[in-house]
Amino acid sequence: MSTLLRLDGVGKRFANGTQALDGIDLAVAPGEFVSLVGPSGCGKSTLLRLVSGLDNPSTGTIAWDGGEPGQSDIGFVFQDATLLPWATLFDNVYLPLKLGGVSRAAARPRIEEALVLVGLADAAKLLPREASGGMRMRVSIARALVTRPKILLLDEPFAALDEITRFKLNDDLLRLWRDQNWTVLFVTHSVFESVYLSTRVVVMSPGPGRITADAPIRFMDPRNADLRTSSDFATLCREVSAHLARAMAA
Amino acid sequence: MNRAREMFVDVAAPCVVALLFLTGWEWIVRAQNIPPYILPGPILIAQTLWTDGPSLMNSLWVTLRTTLAALASATVLGLALAVALAQSRLIERSLYPYLVILQVTPIVSIAPLIIIWVNDVFLSLLVCAWLVAFFPIVANTTLGLNSIDRGHGDLFRLYRASRWQRLMHLRLPTALPYFLAGVRISGGLALIGAVVAEFVAGSGGAESGLAFRILEAGYRLQIPRLFAALLLLSLAGILIHAVLGFITRRILRGWHESAVSDGR
Ligand SMILES: Nc1ncnc2c1ncn2[C@@H]1O[C@H](COP(=O)(O)OP(=O)(O)OP(=O)(O)O)[C@@H](O)[C@H]1O
Ligand SMILES: [Mg+2]
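Residues numbered from 1 in each chain as written. Chains lettered and ligands numbered in written order. Predicted model: local features only at pLDDT ≥ 70, side-chain atom pairs only at ≥ 80, totals over all residues. Heavy atoms only, no water.

Enquirer: Please set out the sheet that holds strand β1 (residues 5-13) of chain A residue by residue, giving values where relevant.
Expert: Residue and element names in this part refer to chain A. On the basis of which strands lie adjacent, the open sheet formed by 3 strands has the order β2-β1-β4 and antiparallel pairing. The sheet terminates laterally at β2 (19-28) and β4 (59-64), the two strands that pair on one side only. Neighbour to neighbour, the strand axes of the sheet diverge by 15 degrees on average, direction disregarded. Inspection of the sheet shows β1 paired to β4 by 5 bridges, in the antiparallel sense. Across the sheet, residue Gly11 finds its bridge partner in β4, namely Thr59. Helix-sheet contacts for helix α1 (residues 44-52) involve β1, β2 and β4, and the interaxial angle to β1 is about 120 degrees. (Pairing = 2+ DSSP bridges. Helix = DSSP H or I, 4+ residues; strand = E, 2+ residues; numbered from the N terminus. Axes fitted to C-alpha atoms, helices over the stretch in contact; angles between N-to-C directions. Contact = heavy atoms within 4.5 Å.)

Enquirer: Provide a residue-level description of the domain arrangement of chain B, including the pertinent values.
Expert: Domain annotation for chain B reports domain 1 (1-33) and domain 2 (43-259). On a C-alpha basis, the centroid separation for the pair domain 1 of chain B and domain 2 of chain B is 31 Å. (Domains from an automatic or database assignment.)

Enquirer: Tell me about the sheet that holds strand β3 (residues 33-37) of chain A, residues and numbers included.
Expert: Residues and elements named next belong to chain A. With mixed pairing, 6 strands are arranged side by side in an open sheet as β5-β6-β7-β3-β8-β9. Every interior strand has two partners, whereas the edge strands, β5 (74-77) and β9 (210-216), have only one. Geometrically, the sheet is characterised by an average inter-axis angle of 15 degrees between neighbouring strands, direction not taken into account. Here β3 pairs with strand β7 (residues 183-187) via 4 bridges, running parallel. Paired with Leu36 across the two strands is Val187, which belongs to β7. Sheet strands touched by helix α4 (residues 133-145): β5 and β6 (151-155). Its angle to β5, the strand with the most contacts, is close to 170 degrees.

Enquirer: Would you mind going over the side chain of Glu156 of chain A in detail, with residue names and values included?
Expert: Residues and elements named next belong to chain A. Along the chain, Glu156 turns up in the loop between β6 and α5 (163-180). An unpaired buried charge is present at Glu156: no salt bridge exists, and Lys44, the closest side chain of opposite charge, is 4.8 Å distant. At a separation of 3.5 Å, a polar atom in the side chain of Glu156 contacts the side chain of Gln79. (Buried < 20%, exposed > 50% of the residue type's maximum accessible area, 1.4 Å probe, protein only. Lys, Arg positive; Asp, Glu negative; His and termini not counted. Salt bridge = Lys/Arg side-chain N within 4 Å of Asp/Glu carboxyl O. Polar contact = N/O pair within 3.5 Å; in protein donor to acceptor, adjacent residues only side chain to side chain.)

Given below as structure tokens:
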């Protein structure tokens, strides 16, 4: 099996002495949808920041198949939308390309495409404060997509949304992932969400953050509302929940 | 309807207060027979403003010219200085104390020196007003440039923004509301600085500003004229404040909380 990304014995110790992660081994293959679940403070966000290069590991190595990622190879959807309040939704999506030196005219088709993908083609001219929370989250997803990254990192992107919107965005995300052949690392607190979306669920335990379980999820497409109520789904959710309970007890 | 009513209250309430105040003033002056060289009534002041208006207007323009030039140069240089300070902690640490010293030194105490050093009258007044006006812009803009949202900072790092891109597309836009607030404070201070400098310079002739007219009227016991000049000065201050407020709201409309009209 080829890998896109391999973490070997990765640990992170912050300047204040907090050991957030220790001995993380994780290999991610191209096209995988990996969910990270675990109790609050177990280092999930820290792990994504290390993968993105925003922070450096204190120990261990992070290796990329085919060399270090370039300026546009990583899409990161942060826990909150982090849109620039002075820029329209269009210009917010344009930002990664602008920073990459792409002219506005050259970027326009890609921005429009990204906005269509998240269902916001008509809202391009709005300012962030005129958009709803769900719209803002979708803009930040479009912004992460617009560079056509190799890997997409999502940090609890739907945590603040109501269940209906959340289910809809779940399905949108699945559709995009299937159509676009991405690799996804997805942090969530919801066992149901992780099982519904992923090809693999990684369970982490705190103090310091370690991987305690790594469960493949094998469902046939399509994943849809029927799946959520099927018995297979329930079984897997129970398994992951049991892993999670053990991780929280640890 | 609520909006119209609110605006009516906003305008009408202060007007009623003004009317009561002016009526009371006029009544006391007449009832007590106070001579105009002690306290002129508002009607006399209005008449004086009418008759002396043209000559005072000239002086108002002189003062305003100093004020606006000082505000403009304080805005440009203040912004440039703030950007320079924001380039490194070292630059900021080494220059900031001197800016504070300049700010806390009362302008009246250094104005005589400046007027001696700088030969040109207009230029010396300009320097005085500028000294008073530029600090709030530097201080506010520096604060704004350093108030980057952590998430935005991460975003720019993720996409490997250059120093220049970070400044242009993140730090300056973040600092804009702070900068504009600084300019608004400086608008009032520039006028005060110009007036103080004129008082100290005390130059007569055709090129003298409103402050000198006030001094002159005081010496000659033309108290109604003094009040008329004072009134013009306050009006100029209010006008500057209103215009800068309007510009600020126009620029920030839509995205910044302070300028969102339906937000309160
Ligand atoms: N910059 C930092 N400096 C010091 N300690 C930090 C820093 N960032 C995170 N930590 C610590 O590292 C640990 C892991 O934090 P992290 O944010 O990765 O947790 P998380 O799993 O994402 O939690 P949550 O689910 O609540 O978002 C926590 O104990 C936290 O206090
Ligand atoms: Mg987190």
